[in-house]
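Coordinate inspection notes
So you can see what is in the structure, the chains are spelled out below.
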Amino acid sequence: MGSMQWIEGYLNLNQLSRVSLLMIVVLASITMACSDVKEPTATPRVFNPTPAPTEVRSATEHGVVVEENGGSAAVAVGASGNPERGRQLYTQNGCSGCHSTSDEVIVGPGHRGVAERSASAVVGMSGEEYMRQSIKEPGAHLVEGFTNLMPSFANLDPSDIDDLIAYLKTLD
Ligand code: HEC
């Protein structure tokens, strides 16, 4: 009885060893198959760095565009008129020789509240349009009680006229 059990145990061990060997072979094949599968996956990864520099280039282009937009925006702000620069131009161009910034009349009407008056000076004309025309063509619409003594300042840079108007708007 004892010897038979040993033989059976030996045979069982041999069977287990055979199964283990088979499993090792199968696992090894699967592992090799997997590593074979991974290789084609690694090949497209080589292409991934290629689109990356293109993205960097387009990002740089966007950066330049943003700077250009910033520049135009800065010009747009200047075009709406700088009142501080307008105050200097008002003296430099001799406006203050004929106009006070109060109600006092020198040669022309005092400019206190001129922007508010200008808004209702001519029907269908905005205050800004009226002030612009008063500077470029003073004779077009004479202020009541005054004669055409003001010279035209149409030769001024359009941005200077914008600055002068921005300054006139502060005189209230
Ligand atoms: C030689 C004198 C003289 C000078 C210099 C002069 N003006 Fe006048 N301005 C007048 C007189 C006079 C009037 C009123 C008659 C008229 O409407 O043109 C007037 C009218 C105006 C008006 C019309 C609105 C209002 O109620 O006053 C504006 C705006 C104006 N001047 C702005 C200016 C500005 C800005 C300058 C400088 C760039 C200037 N003037 C230089 C004499 C002058």
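For clarity, every value in this text was computed on a predicted model and none was experimentally measured.

Here is what the cut-offs are and how they apply
- Residues numbered from 1 in each chain as written.
- Predicted model: local features only at pLDDT ≥ 70, side-chain atom pairs only at ≥ 80, totals over all residues.
- Helix = DSSP H or I, 4+ residues; strand = E, 2+ residues; numbered from the N terminus.
- Buried ≥ 20, exposed ≤ 12 C-beta atoms within 10 Å, placed from the backbone.
- Contact = placed C-beta atoms within 7 Å.
- Core = buried A, V, L, I, M, F, W, Y, C linked by C-beta atoms within 7 Å.
- Axes fitted to C-alpha atoms, helices over the stretch in contact; angles between N-to-C directions.
- Parallel < 35°, antiparallel > 145°, perpendicular 65-115°, else oblique.
- Left-handed = near helix turned anticlockwise from the far one by under 90°.
- Nonpolar A, V, L, I, M, F, W, Y, C, P; charged D, E, K, R; others polar.
- pLDDT = per-residue confidence, 0-100.
- Arc of directions from axis to C-beta.

Below, the discussion takes up the overall build of the protein chain. A count of helical and extended segments in the protein chain gives seven helices and zero strands. Helices and strands in the protein chain line up, N terminus first, as α-α-α-α-α-α-α. Here the protein chain holds 172 residues, and the buried ones make up 10% of them. In the protein chain, once contacts between residues fewer than 6 apart in sequence are set aside, the share between residues at least 24 apart is 56%.

Time to look at the nonpolar core. The biggest cluster of nonpolar side chains holds ten residues, and these are Tyr 90, Cys 95, Val 114, Tyr 130, Met 131, Ile 135, Leu 164, Ile 165, Tyr 167 and Leu 168. At the level of secondary structure, the elements contributing two or more residues to this core comprise helix 6 (127–136) and helix 7 (158–168). Looking at which element gives the most residues to this core, the answer is helix 7, with four residues.

At a minimum axis separation of 10 Å, helix 6 and helix 7 run at an interaxial angle of 120 degrees. On the basis of their axis angle, the class for helix 6 and helix 7 is oblique. Like other packed secondary-structure pairs, helix 6 and helix 7 cross with a definite hand, here right-handed. Mapping the contact onto sequence places Glu 128, Met 131, Arg 132 and Ile 135 in helix 6 and Ile 161, Leu 164, Ile 165 and Leu 168 in helix 7. The residue makeup of the contact of helix 6 with helix 7, split by class, is six nonpolar, no polar and two charged.

Here the focus is the confidence of the model for the protein chain. Per-residue confidence for the protein chain gives a mean pLDDT of 77, with 55% of residues at or over 70. Taken as a whole, residues 53–79 scores under 50 in pLDDT and shows three contacts with residues more than four places along the chain or in a different chain.

What follows concerns the environment of Arg 87. Residue position: Arg 87 is located in helix 3 (residues 83–92). The sequence separation of Arg 87 and Leu 168 amounts to 81 residues, and the corresponding C-alpha distance is 8.3 Å.

What follows deals with helix 6. Of the residues making up helix 6, those classed as buried are Tyr 130, Met 131, Ser 134 and Ile 135. Looking straight down helix 6, one finds its buried side chains confined to an arc of 130 degrees; they lie on one side. Where the residues of helix 6 are buried, they touch helix 5 (114–119) and helix 7.

What follows is about the packing of helix 3 against helix 7. Their axes nearest at 7 Å, the elements helix 3 and helix 7 cross at an angle of 100 degrees. Overall, the two elements helix 3 and helix 7 adopt an arrangement that is roughly perpendicular. Here Pro 83, Arg 85, Gly 86, Arg 87, Leu 89 and Tyr 90 of helix 3 lie close against helix 7, whose contacting residues are Asp 160, Asp 163, Leu 164, Ala 166 and Tyr 167. Split into classes, the residues belonging to the contact of helix 3 with helix 7 amount to six nonpolar, one polar and four charged.

Here we take up the environment of Gly 127. Among the secondary structure elements, Gly 127 is positioned in helix 6. Residues Gly 127 and Lys 169 lie 42 residues apart in sequence; the distance between their C-alpha atoms is 9.5 Å. Look past the residues within four positions of Gly 127 in its chain and what remains in contact with it is Ala 115, Ser 118 and Ala 119.

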